[in-house]
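For reference, the chains in residue letters:
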There are 2 protein chains.
Amino acid sequence: MAQYTFKVTMSCSGCSNAVNRALNRIEGVKKVDISLENQEVVVETDLPREQILEAIKKTGKTVQE
Amino acid sequence: MAQYTFKVTMSCSGCSNAVNRALNRIEGVKKVDISLENQEVVVETDLPREQILEAIKKTGKTVQE
């Protein structure tokens, strides 16, 4: 199981909940931890990092690659 | 050109900007108007409504179908 960390711009709990929901919907995502304070998204999965990155981009949030 | 209206739960301008960004990235989307106050997203496009709905869902926001 891999663990990937992304820096994502999130302004409120509505933002972080949306990212959480979008990622948890993906089959193969085991765990999502989001820190609004640290602007950080941590994902545990066997999927490739690129696929998770693409899903975060589709939320419309700004993410550091 | 069709115009579709969706009710989307958005809490802050970070939320509405994210939806705006996600939709404007789609080729074939002509115009996106978002009202945070009215929780409303209006899209002008020749694409099918279903495709726009799917893109909104991928933002992780709650949308009325």
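Attention here is on the structure that accompanies the text.

Rules and cut-offs
- Residues numbered from 1 in each chain as written.
- Chains lettered and ligands numbered in written order.
- Predicted model: local features only at pLDDT ≥ 70, side-chain atom pairs only at ≥ 80, totals over all residues.
- Heavy atoms only, no water.
- Least-squares fit on C-alpha atoms with pLDDT ≥ 70 in both.
- Contact = heavy atoms within 4.5 Å.
- Pairing = 2+ DSSP bridges.
- Helix = DSSP H or I, 4+ residues; strand = E, 2+ residues; numbered from the N terminus.
- Axes fitted to C-alpha atoms, helices over the stretch in contact; angles between N-to-C directions.
- Buried < 20%, exposed > 50% of the residue type's maximum accessible area, 1.4 Å probe, protein only.

### Some remarks on the relation of the copies chain B and chain A
Copies of the same chain, two in number, are related to each other by a rotation about an axis and a translation along it.
In step 1: Of the transformation placing chain B onto chain A, the axial shift is 0.0 Å and the rotation is 180°, giving an RMSD of 0.0 Å. Taken together, the turn and the small shift mark the pair as related by a two-fold rotation axis. Taking C-alpha positions as the reference, the residue of chain B nearest the rotation axis is Thr 59 of chain B, at 1.7 Å.
In step 2: Counting the interface residues of chain B, we find that 100% of their copies in chain A are interface residues as well, pointing to one common contact surface.

### Regarding the sheet that holds strand 3 (residues 40-45) of chain A
All names here are of chain A.
In step 1: Taken in spatial order, the three strands make up an open sheet running 1-3-2, and their pairing is antiparallel. Here the strands that pair on one side only, and so sit at the sheet edges, are strand 1 (2-7) and strand 2 (29-35). Adjacent strand axes in the sheet meet at a mean angle of 15°, parallel and antiparallel pairs treated alike.
In step 2: Note: strand 2 against strand 3, six bridges, orientation antiparallel. Residue pairing in the sheet places Val 32 in a bridge with Val 43 of strand 3.
In step 3: Sheet strands in contact with helix 1 (residues 13-24) are strand 2 and strand 3, and its direction is about 170° off that of strand 2.
In step 4: Contacts from helix 2 (residues 49-58) reach strand 1, strand 2 and strand 3, with the element oriented near 35° to strand 1.

### So, the side chain of Ser 16 of chain A
Residue and element names in this part refer to chain A.
In step 1: With respect to the secondary-structure elements, Ser 16 resides in helix 1.
In step 2: Given the relative accessible area of 9%, Ser 16 is considered buried.
In step 3: Once residues lying within four places of it in the same chain are set aside, the contact partners of Ser 16 are Met 10, Ile 34 and Leu 36.

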